[in-house]
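# Observations on the three-dimensional arrangement
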Amino acid sequence: MQRIRLRYTKRGRLRFTSHRDFQRAFERALRRAEVPMAYSAGFTPHPKVSYANAAPTGTGSEAEFLEIALAERRDPETLRVLLDESLPDGLDITDAVEARTSGLADRLTASVWELRLDGVTFEDAEKAVGVFLAADTVEVQRKTKNGIRTFDARSAVADLVVDRPEARPQPDRPLDNACAILRLVVRHVTPAVRPDDVLSGLRAVADLAPPVPAAVTRLAQGLFDEESGTVTDPLAPDREAVTAASPTAAATASATAPGAGTA
């Protein structure tokens, strides 16, 4: 059985698809692309697909990850192209690598988010961020199925900076006169701290309240490097393992070829 790890996106209007919507679309894409999936045992076999830390509904993402198990070997890049062609625009398969290491989910320890605040000036956002970062704790509340839960949104934030918007507007968000961009690095902790929790914290400590809902996009997720403060590519160890194994495989094939080692 071969395992392939995929990176995919949720762009544009398809950021409003739920995780269940994506699951249905992806399983249809597997059938269209005729992927030789491995199936679970039991009375209701289902394709072996493992999803890792999906983004909340309504947020865009450039860095979602999943893993599939195949009954027959396939080239990862060829498989990526076939699946990408079988999914709607906006749900794009951008990377594929054969799984050569364990624990993909264990390497997703932090996310990089971009929050577009239309109607908020750069100066107001910068002041609010300064107050937020200076606080030891920032308590926020979130409604859960068990009622209202209060937790600290500050401790999970590894970095938070303000940037000015690009010169050109996004397709689904026209450029306003006032617009600030927050770039946020959040550790994956329990309870999970989401971008909207950080916005609630900014409202609580600095009265920052955007007049329209923020456009939120996950730019990256992976292992958080405490020393550099960056989020690393979780598929990099698999690529390195494939690269390291290639010379060994070539040498083995050469040694076992007919006539090898004879004069």
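Residues numbered from 1 in each chain as written. Predicted model: local features only at pLDDT ≥ 70, side-chain atom pairs only at ≥ 80, totals over all residues. Heavy atoms only, no water.

### Some details on the packing of helix α3 (residues 122–134) against helix α4 (residues 195–206)
- Across the interface, α3 lies against α4 with an axial gap of 9 Å and an inter-helix angle of 95°. Taken together, α3 and α4 sit at an angle that is classed as roughly perpendicular. Residues Ala128, Val129, Val131 and Phe132 of α3 touch α4, and the partners they reach there are Val198, Gly201, Leu202, Val205 and Ala206.
- When its residues are assigned to classes, the contact of α3 with α4 shows 8 nonpolar, 1 polar and no charged. (Axes fitted to C-alpha atoms, helices over the stretch in contact; angles between N-to-C directions. Helix = DSSP H or I, 4+ residues; strand = E, 2+ residues; numbered from the N terminus. Parallel < 35°, antiparallel > 145°, perpendicular 65-115°, else oblique. Contact = heavy atoms within 4.5 Å. Nonpolar A, V, L, I, M, F, W, Y, C, P; charged D, E, K, R; others polar.)

### Here's the deal with the environment of Arg73
- With respect to the helices, strands and loops of the structure, Arg73 is situated in the loop between β3 (60–70) and α2 (76–86).
- Between the alpha carbons of Arg73 and Ile4 there is a distance of 9.6 Å; along the sequence they are 69 residues apart.
- Once residues within four sequence positions are removed from consideration, Arg73 is found in contact with Gln2 and Glu98.
- At 2.9 Å, the side chain of Arg73 and the side chain of Glu98 are in polar contact. (Polar contact = N/O pair within 3.5 Å; in protein donor to acceptor, adjacent residues only side chain to side chain.)

### Quick word on the layout of surface pockets
- A volume near 210 Å³ is recorded for the second largest pocket.
- Lining the second largest pocket are 16 residues, and of these Asn53, Trp113, Ala192, Val193 and Arg194 sit closest to its centre.
- Broken down by secondary-structure element, the contributors of at least two residues to the lining of the second largest pocket are β5 (110–118) and β9 (179–187).
- Per-class residue counts for the lining of the second largest pocket are 9 nonpolar, 3 polar and 4 charged. (1 Å grid on protein atoms, 1.4 Å probe; cavity = no way out; pocket = protein on both sides within 12 Å on 5 of 7 lines; lining within 4 Å. Points joined across faces, edges and corners; volume = space filled by probe spheres on them.)

### Quick word on the pairing of β3
- Among the 11 residues of β3, 10 are classified as buried, and the element is accordingly described as predominantly covered.
- Of the strand pairs in this sheet, strand β1 (residues 2–10) and β3 are connected by 8 bridges, and their pairing is antiparallel. Bridge pairing links Tyr8 to Glu64 in β3.
- As paired strands, strand β2 (residues 49–52) and β3 are joined by 4 bridges and run antiparallel to one another. Paired with Ser50 across the strands is Glu67, a residue of β3.
- Bridge analysis of β3 against strand β10 (residues 215–225) gives 2 bridges, and the strand direction is parallel. Directly across from Gly60, in β10, lies its bridge partner Thr217. (Buried < 20%, exposed > 50% of the residue type's maximum accessible area, 1.4 Å probe, protein only. Pairing = 2+ DSSP bridges.)

### With respect to the nonpolar core
- Counting 28 residues, the largest nonpolar core has Leu115, Leu160, Leu182, Leu184, Val198 and Leu202 as its most contacted members.
- Taken together, the elements giving at least two residues each to this core come down to β5, α3, β8 (157–163), β9 and α4.
- The leading source of residues in this core is α3, at 5 residues.
- Setting aside anything within four residues of it in sequence, one finds Leu182 in contact with Trp113, Glu114, Leu115, Leu117, Ala125, Val129, Leu160, Val161, Val162, Leu199 and Leu202. (Core = buried A, V, L, I, M, F, W, Y, C linked by side-chain atoms within 4.5 Å.)

### Observations regarding α2
- Those residues of α2 lying buried are Pro76, Leu79, Arg80, Leu83 and Ser86. Each buried residue of α2 sits inside an arc of 130° when the element is viewed along its axis, so together they form one side.
- Residues of α2 that are buried make contact with β1, α1 (19–32), β3 and β4 (93–98). (Arc of directions from axis to C-beta.)

### Digging into the environment of Ala214
- One can find Ala214 in the loop between α4 and β10.
- For the pair Ala214 and Pro195, spaced 19 residues apart in sequence, the C-alpha to C-alpha distance is 9.5 Å.

### A few points about the pattern of salt bridges
- Applying the stated criterion across every chain yields a total of 21 salt bridges.
- Put simply, Arg142 and Asp197 hold a salt bridge, and the shortest N to O gap is 2.3 Å. Note that Arg142 is positioned in strand β6 (residues 139–144) and Asp197 in helix α4, a separation of 55 residues in sequence. The same class applies to Arg142 and to Asp197, which are both buried.
- Bridged by salt links that share partners, the residues Arg3, Arg5, Glu67, Arg107 and Asp238 form one connected network. (Salt bridge = Lys/Arg side-chain N within 4 Å of Asp/Glu carboxyl O.)

### Quick notes on α3
- Given a rise of 1.5 Å per residue, 13 residues ought to cover 18 Å, and the 18 Å separating the end C-alpha atoms of α3 matches this to within 8%.
- Every buried residue of α3 is accounted for by Phe122, Ala125, Ala128, Val129 and Phe132. Looking straight down α3, one finds that the buried residues subtend no more than 130° of arc, so they occupy a single side. Facing away from the buried side of α3 by over 90 degrees, the exposed positions are Lys127 and Ala134.
- Close packing links the buried residues of α3 with β8, β9 and α4. (Expected span 1.5 Å × (residues − 1).)

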